[in-house]
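Residue-level structure breakdown
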2 protein chains.
Amino acid sequence: MKPIDTAVRKPATLDDVAAIAGVSAKTVSRVVNRNANVSAATRERIEAAIRETGYHVNQAARSLAASRSFLIGAFMPHLSSFYFAEIFRGAAKACRQYGYHLVVEEFDHGVDTMVDRYEQGLRSARCDALILTPPVCDDERLLAALDRDGMPYVRIAPGIRPGVSAALSADDAQGVQQLARHLWASGRRRFAIIAGPADHAAAMIRENSFVETLAGLGGDPEGILLTRIELHESISESGRAATLDLLRRVDPLPDAIFAFNDEVAIGAMAAARELGLTVPGDVAIAGFDDSYIAQLAWPPLTTIHQPIADLAFQAVGVVASGESFAASQILLPTSLVVRGTA
Amino acid sequence: MKPIDTAVRKPATLDDVAAIAGVSAKTVSRVVNRNANVSAATRERIEAAIRETGYHVNQAARSLAASRSFLIGAFMPHLSSFYFAEIFRGAAKACRQYGYHLVVEEFDHGVDTMVDRYEQGLRSARCDALILTPPVCDDERLLAALDRDGMPYVRIAPGIRPGVSAALSADDAQGVQQLARHLWASGRRRFAIIAGPADHAAAMIRENSFVETLAGLGGDPEGILLTRIELHESISESGRAATLDLLRRVDPLPDAIFAFNDEVAIGAMAAARELGLTVPGDVAIAGFDDSYIAQLAWPPLTTIHQPIADLAFQAVGVVASGESFAASQILLPTSLVVRGTA
DNA sequence: TCTAATCATGTCAGCGCTGACAATGAGAAA
DNA sequence: TTTCTCATTGTCAGCGCTGACATGATTAGA
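Residues numbered from 1 in each chain as written. Chains lettered and ligands numbered in written order. Predicted model: local features only at pLDDT ≥ 70, side-chain atom pairs only at ≥ 80, totals over all residues. Heavy atoms only, no water.

1. Details of the relation of the copies chain A and chain B
Where we set the bar: Alignment of copies: least-squares fit on C-alpha atoms of residues with pLDDT of at least 70 in both copies.
Overlaying chain A on chain B yields an RMSD of 0.0 Å, the required transformation being a rotation through 180° with an accompanying axial translation of 0.0 Å. Taken together, the rotation angle and the small translation identify this as a two-fold axis. Among all C-alpha atoms of chain A, that of Ala60 of chain A lies closest to the rotation axis, at 2.3 Å.

Written as structure tokens, this is what we have:
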């Protein structure tokens with residue numbers, strides 16, 4: 001008995017299509033690449049031949065000839081899987097749309113340096129451009145290597161060297177402003193912030209925006225409780241510990257807690273509950289990111305939505321649009337999502 | 001004022017290296033590809049030249065000449081971002097190790113068919129092999145297209161056509177067995193299962209294993225409460241609703257709930273608490289996956305760890321090892337992780 | 001000593017495509 | 001009619017690398 005259908009079909013080439021359509025390979029190439037200046041009749045004949053042969057462009061050959069790879073590299077550390085997956089989703093969608101492929105390089109802290117990983121991975125793949133997320137986008141040596149190679153890149157939420165490259169950021173301050181107003185409007189007056197490390201650019205922006213907005217509203221900036229956590233193994237556990245510590249230390253207790261991200265907020269909720277406080281009755285809690293754990297929490301977490309996938313989508317758009325994009329600076333809005341905890 | 005150092009360095013080629021080392025390009029190629037039969041002296045000379053020029057192989061040229069792309073495609077739907085990120089992590093690590101690159105194709109239900117996505121994406125990238133996750137790995141038409149093209153693939157946790165291709169699975173039954181024994185040993189006797197859809201292969205295996213183990217322990221299979229949920233928008237919300245419904249309907253209440261995955265378990269915890277039950281005091285709750293939300297929950301969720309990243313890592317290993325792998329069948333263990341809810 | 005086997009290295013075509021440029025032909029302008 | 005323009009199509013080299021094969025040098029075996 002023979003195997004069912006092992007007739008392995010060898011991929012068709014431009015020449016195969018050209019022979020069928022009775023034109024030169026170059027003209028088929030023009031059709032495939034959507035060039036102008038091909039007559040409608042020829043185009044149709046070629047398109048039929050393409051369908052008949054099941055032709056698909058050979059990227060390797062195309063890359064070699066055109067000296068572009070149609071590959072966009074995303075260079076990112078293993079952040080939370082949510083952030084990672086969202087970046088991927090946005091970037092992949094855009095790549096599909098613009099005819100690129102996405103190669104993701106994950107940077108594993110401590111294994112080797114970012115420059116090494118870039119050289120071994122993304123550079124030898126000859127990516128046409130790179131998308132950089134924090135904290136990769138803030139590594140001076142990497143940026144220098146990129147510039148040296150003439151490798152174009154766009155940064156997402158960069159913390160350093162503002163303006164020197166294309167960059168996309170979320171307007172964190174604006175969403176936090178909305179949150180602060182919302183809390184104030186619902187009568188909360190005693191605030192606490194579970195803040196991030198001082199070198200975490202975005203966390204600082206969120207913190208400052210919160211304090212300033214409250215001050216503008218008539219609150220007392222000095223009265224806002226603040227505790228700063230380090231980013232350890234389990235972020236939510238750090239958040240829980242910090243909140244527990246804070247709540248045990250102070251009197252009167254805060255009636256609103258702003259955590260600089262959702263995981264910390266989840267930890268803060270656990271801490272509040274452990275001390276017998278109800279959320280949002282005794283204390284309102286809010287996070288930042290609108291990651292999917294925000295909806296998983298109970299009650300679902302009030303948080304600030306950040307358009308991570310959009311950021312990545314537009315980042316790819318910037319590099320794919322082709323023009324010089326050295327100076328593109330894009331700021332995307334964030335927005336308060338009121339759920340059950342504030 | 002001139003730009004700092006825009007001296008864009010054009011990538012070195014094999015010929016450049018060869019000229020410096022005073023050998024032919026082919027010999028350099030041998031060194032780069034770790035071929036045997038190059039004398040130690042020559043090898044050293046060439047390696048020095050490679051360092052000097054900063055040479056890195058041009059994948060496009062290599063692919064074209066060798067008619068292999070050194071690309072492995074991962075074809076998966078947008079599952080939970082946790083599952084997705086883990087698969088990615090494992091596969092990327094293995095690719096790095098074996099000198100491949102990873103191209104991830106995300107299948108978006110409803111946009112087009114899997115076969116289309118394969119043909120437009122992964123096939124035109126000329127991947128050397130594909131890694132398929134559920135439910136992509138169970139699409140008859142896709143598998144047929146793959147066989148027709150002679151595209152090698154390995155499936156992770158396949159539900160259909162067992163044994164016809166290389167496949168890696170987690171031993172779900174085993175971990176569930178551990179859980180059932182653990183619950184029984186801690187005195188639980190009234191069980192409920194929040195089960196998945198009947199067409200979700202893994203969910204059914206988990207369900208059956210739970211029932212059978214309990215029966216073997218002396219439990220009454222008929223007495224086990226079972227409710228089956230559909231996989232909607234928010235899985236945890238489905239879990240919450242189903243649990244709420246179940247708990248309101250039955251008397252006496254179960255003292256242990258097994259949810260077929262972690263998100264459902266989180267939903268079940270919310271439901272139990274809403275009805276004033278303590279976890280794990282009144283009712284033990286356990287999930288499956290050991291996803292990162294399990295640690296985020298409070299109390300942290302008792303669950304069954306599934307080696308998702310390992311599965312992907314070994315999947316790449318199978319295809320990268322090169323030999324014929326048509327029949328490789330690998331089963332990886334799962335294990336109970338006792339945390340705070342059972 | 002001579003032959004065969006083995007190792008180290010080189011030569012060269014060609015993978016499939018595109019950029020640069022050339023050629024062709026049809027209509028417009030002179 | 002002649003010249004020019006320009007839309008359409010073709011020719012061809014070569015991108016950087018590797019497989020197949022050839023070559024020369026060395027070593028082992030008889």
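2. Examining the nonpolar core
Rules: To qualify as a nonpolar core, a set must consist of buried Ala, Val, Leu, Ile, Met, Phe, Trp, Tyr and Cys residues joined through side-chain atoms within 4.5 Å. Under the scheme applied here, a residue whose accessible area is under 20% of the maximum for its type counts as buried, over 50% as exposed, and between as partly exposed, the area being computed with a 1.4 Å probe on protein chains only. Only heavy atoms enter the contact rule, under which two residues are in contact if any of them lie within 4.5 Å.
Of all hydrophobic cores here, the largest spans 119 residues; its most connected members are Leu102 and Ile285 of chain A together with Leu102 and Ile285 of chain B. The residues touching Leu102 of chain A, leaving out its near neighbours within four places in the chain, are Ile72, Ala74, Phe88, Ala91, Ala92 and Cys95 of chain A together with Leu102, Val103 and Val104 of chain B.

3. Considering the pattern of salt bridges
Residue and element names in this part refer to chain A. Inclusion rule: The salt bridge definition used is simple: a Lys or Arg side-chain nitrogen within 4 Å of an Asp or Glu carboxyl oxygen. To qualify as a helix, a DSSP run of H or I must reach at least 4 residues; to qualify as a strand, a run of E must reach at least 2; elements of each kind are numbered from the N terminus.
Under the definition given, this model contains 24 salt bridges over all chains. For Asp147, the salt bridge is made with Arg161, and the minimal N-O distance between the two is 3.5 Å. Of this pair, Asp147 sits in helix 7 (residues 140-149) while Arg161 sits in the loop between strand 4 (153-156) and strand 5 (166-171); the two residues are 14 residues apart in sequence, bridging distant segments of the chain. For Asp172, the salt bridge is made with Arg206, and the minimal N-O distance between the two is 2.8 Å. Of this pair, Asp172 sits in helix 8 (residues 172-185) while Arg206 sits in helix 9 (residues 201-217); the two residues are 34 residues apart in sequence, bridging distant segments of the chain. Among the ionic contacts, a cluster of salt bridges with common partners joins Glu140, Asp147 and Arg161.

4. Brief notes about the interface of chain A and chain B
Note the cut-off: Polar contacts here mean pairs of N or O atoms no more than 3.5 Å apart (in protein, one a potential hydrogen donor and the other a potential acceptor; neighbouring residues in sequence count only if both atoms are side-chain atoms). Under the scheme applied here, ten amino acids are nonpolar (Ala, Val, Leu, Ile, Met, Phe, Trp, Tyr, Cys and Pro), four are charged (Asp, Glu, Lys and Arg), and all others, including Gly, are polar.
In this complex, chain A contributes 53 residues to the contact, which on the side of chain B involves 53 residues. Counting across the chain A and chain B interface gives zero salt bridges. At the junction of chain A with chain B, the criterion picks out zero residue pairs in polar contact (both at pLDDT 80 or more). Those elements that place two or more of their residues in the side of chain A that touches chain B are helix 4 (59-66), helix 5 (81-98), strand 2 (101-107), helix 6 (114-123), helix 7, helix 10 (235-249), helix 11 (262-274) and helix 12 (292-296) of chain A. With seven residues, the single largest contributor to the side of chain A that touches chain B is helix 5 of chain A. Residue composition of the side of chain A that touches chain B, grouped by class: 22 nonpolar, 14 polar and 17 charged.

5. Some words on the environment of Gln120 of chain B
Secondary-structure assignment places Gln120 of chain B in helix 6 (residues 114-123). Measuring from C-alpha to C-alpha, the distance between Gln120 of chain B and Ile20 of chain B comes to 42 Å, with 100 residues separating the pair along the chain.

6. Quick look at the protein's contact with DNA strand D
Test applied: Any residue with a non-hydrogen atom lying within 4 Å of a molecule or strand is treated as near it.
In the neighbourhood of DNA strand D, 22 residues make up the surrounding shell, with Thr27 and Thr42 of chain A together with Leu14, Ser29 and Tyr55 of chain B lying closest. When atoms of DNA strand D within 4 Å of the protein are split into backbone and base, the sugar-phosphate part holds 61%. Here Ser39 of chain A contributes a backbone N or O atom positioned 2.9 Å from a phosphate oxygen of DNA strand D. Contact between DNA strand D and Ala61 of chain B: a base nitrogen at 3.4 Å from a main-chain N or O atom of the residue. Within the residue set of the surface near DNA strand D, elements represented by two or more residues are helix 2 (25-32) and helix 4 of chain A together with helix 2 (25-32) and helix 4 (59-66) of chain B.

7. Observations concerning the sheet that holds strand 6 (residues 191-195) of chain A
Residues and elements named next belong to chain A. As a reminder, the rule being used: Only when DSSP finds a minimum of two bridges between them are two strands counted as paired. Each axis is a line fitted through C-alpha atoms, taken for helices only over the stretch in contact, and angles between the N-to-C directions span 0 to 180 degrees.
Pairing within the open sheet is parallel, and its four strands lie in the order 7-6-8-9. The open sheet has two free edges, formed respectively by strand 7 (225-228) and strand 9 (284-286), since each of these has just one partner strand. Taken over all neighbouring pairs, the strand axes of this sheet differ in orientation by 15° on average, direction set aside. Note that strand 8 (residues 256-259) and strand 9 share three bridges and pair parallel.

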